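Breakdown of the fold
Okay, here's what each chain looks like letter by letter:
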Amino acid sequence: MAHVTLPRDILPRDGRFGCGPAKIRPEQVAALSGPGSILLGTSHRQSPVKSLVGQVRSGLSDLLRLPKGYEIILGNGGSTAFWDAAAFGLIEKRSQNLVFGEFGGKFGAAASAPWLEAPDIRKAEPGSSIAAEAVEGIDVYAWPHNETSTGVAAPVRRVAGDDGALTVIDATSAAGGIDFSVSQCDVYYFAPQKNLGSDGGIWFAAVSPAAIERIERVAASGRYIPEFLSLKNALDNSRLNQTLNTPAVSTLYLLDKQLEWILSNGGLQWAADRTAESSSALYEWAEASEHATPFVADPADRSPVVVTIDFDDTVDAAAVAKSLRGNGIVDTEPYRKLGRNQLRVATFVSIEPEDVRQLIKCIDYTIERL
Ligand SMILES: *Cc1c(COP(=O)(O)O)cnc(C)c1O
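None of these values were measured; they are calculated from a predicted model.

Right, let's talk about the sheet that holds strand E12 (residues 342-346) for a bit. Read from one edge to the other, the open sheet built from three strands follows the order E10-E11-E12, with strand pairing classed as antiparallel. Sheet topology places strand E10 (292-294) and E12 at the edges, where each strand pairs with a single neighbour. On average, each strand axis in the sheet is inclined to that of its neighbour by 30°, with strand direction left out of account. As paired strands, E10 and strand E11 (residues 306-311) are joined by three bridges and run antiparallel to one another. Among the inter-strand pairings, alanine 292 is bridged to a residue of E11, identified as phenylalanine 311. Here helix H8 (residues 267-288) sits on the sheet and contacts E10, E11 and E12; the angle it forms with E11, its principal contact strand, is near 15°.

See the structure below:
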């Protein structure tokens, strides 16, 4: 089927609306091929790359307004690797995992490791959220700040559980796009290919003093922990501004440029205002539309960074996404396993609110003519 050709004057300037990997601003790429290029292909054990790692750690500390005693640690492998690292080195006996979509579920699966007690997995219907509940014997409470597969955001709020229980937040798609208080959790971990406008394959975590103490204690407990997944190893290496094995230098550089951009514009509050402006435009349009409705029914659960829009039977959302793609507007398809007649649009901080308003015109234009 041929796509509907969109008039030039309604096209967004940048057609990348995917939830990850997500838009990387052209200015970052230009900096990488300009001043950044002298770092590429040089040793990560020498001072230029180590100071880049140091700069990224300090930029993240500023962005997240880290309280005294919190540190930024990093390791290779992305958020998926962090789940296994947490099963080895952060969960002492048993975790509670909130599942309101695919990613929360994946951490729950990783926490079902044979050396741990079976996790307390609490599921919400896709499109809604669920709150943690203190249970005796739980030492890690975990949920995503933003569930990217469904577009549900959940507050970061410490659980009043047993003394020493840690609150561990998957912020892969939230970090840098949603304002919050990091003192409300012990671990805030993410990979930078979403709001943070870089590439994947690496994870970062803001860790509290209690989390550091836990990492040290589990590492000293005699439990078998593979080197690559050792949080203690990551902690020690991070303090020296390095990683166990070779990181992607370009990823670090792109991230550094994104942090510089967000911080120079006003930091997390500015970023959150911008993602709220973009996402509200979409939610308001869907609510007013004849054929569309926000998938997330409760406005309090709606993500400001990942907007999911359901369509009625008169619209074939897959055909709309395909037609948009024919015009260079990419990655508006829903999360593959959700299986809904839906469009999913990222409204990450790099995405211009004006481009989101143009996208809405493009969707309307396509629906009318398809
Ligand atoms: C994208 C995403 C992940 C997976 O990140 P990887 O770096 O690909 O492992 C995990 N959690 C959330 C909430 C995500 O959005």
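Around the ligand, the surrounding shell holds 13 residues, and the nearest of these are Thr80, Thr148, Asp170, Gln193 and Lys194. Residue threonine 148 places a side-chain N or O atom 2.3 Å away from an oxygen atom belonging to the ligand. Between the ligand and aspartate 170, the relevant distance is 2.6 Å, taken from a nitrogen atom to a side-chain nitrogen or oxygen of the residue. In the complex, 86% of the free accessible area of the ligand, which totals 390 Å², lies under the protein chains. Examining the composition of the shell around the ligand, we find that four residues originate from one element, helix H3 (residues 78-89), more than from any other. Counted by class, the shell around the ligand contains three nonpolar, eight polar and two charged residues.

Residues annotated by UniProt as "domain: Aminotransferase class V" (unreviewed entry) correspond here to residues 136-329. Span residues 136-329 is 36% helix and 17% strand, its end C-alpha atoms 49 Å apart.

For the rest of this paragraph, the subject is the pairing of strand E1 (residues 71-76). Counted residue by residue, E1 has six buried out of six residues, so it is predominantly covered. By the alternation rule, side chains of E1 split into Glu71, Ile73 and Gly75 and Ile72, Leu74 and Asn76, which are all buried. Relative to strand E9 (residues 202-207), E1 is paired through six bridges, and the arrangement is antiparallel. Bridge assignment links isoleucine 72 to a residue of E9, and that residue is alanine 206.

Our next topic: the nonpolar core. Residues Tyr188, Phe204 and Phe311 are the most contacted members of the largest nonpolar core, which totals 123 residues. Top element by residues in this core is helix H7 (residues 249-265). It accounts for eight residues.

How each quantity is defined
Residues numbered from 1 in each chain as written. Predicted model: local features only at pLDDT ≥ 70, side-chain atom pairs only at ≥ 80, totals over all residues. Heavy atoms only, no water. Pairing = 2+ DSSP bridges. Helix = DSSP H or I, 4+ residues; strand = E, 2+ residues; numbered from the N terminus. Axes fitted to C-alpha atoms, helices over the stretch in contact; angles between N-to-C directions. Contact = heavy atoms within 4.5 Å. Near = heavy atom within 4 Å. Polar contact = N/O pair within 3.5 Å; in protein donor to acceptor, adjacent residues only side chain to side chain. Areas by Shrake-Rupley, 256 points an atom, 1.4 Å probe, with all protein chains shown as cover. Nonpolar A, V, L, I, M, F, W, Y, C, P; charged D, E, K, R; others polar. UniProt positions renumbered as here; feature names shortened; annotations may be inferred. Buried < 20%, exposed > 50% of the residue type's maximum accessible area, 1.4 Å probe, protein only. Core = buried A, V, L, I, M, F, W, Y, C linked by side-chain atoms within 4.5 Å.

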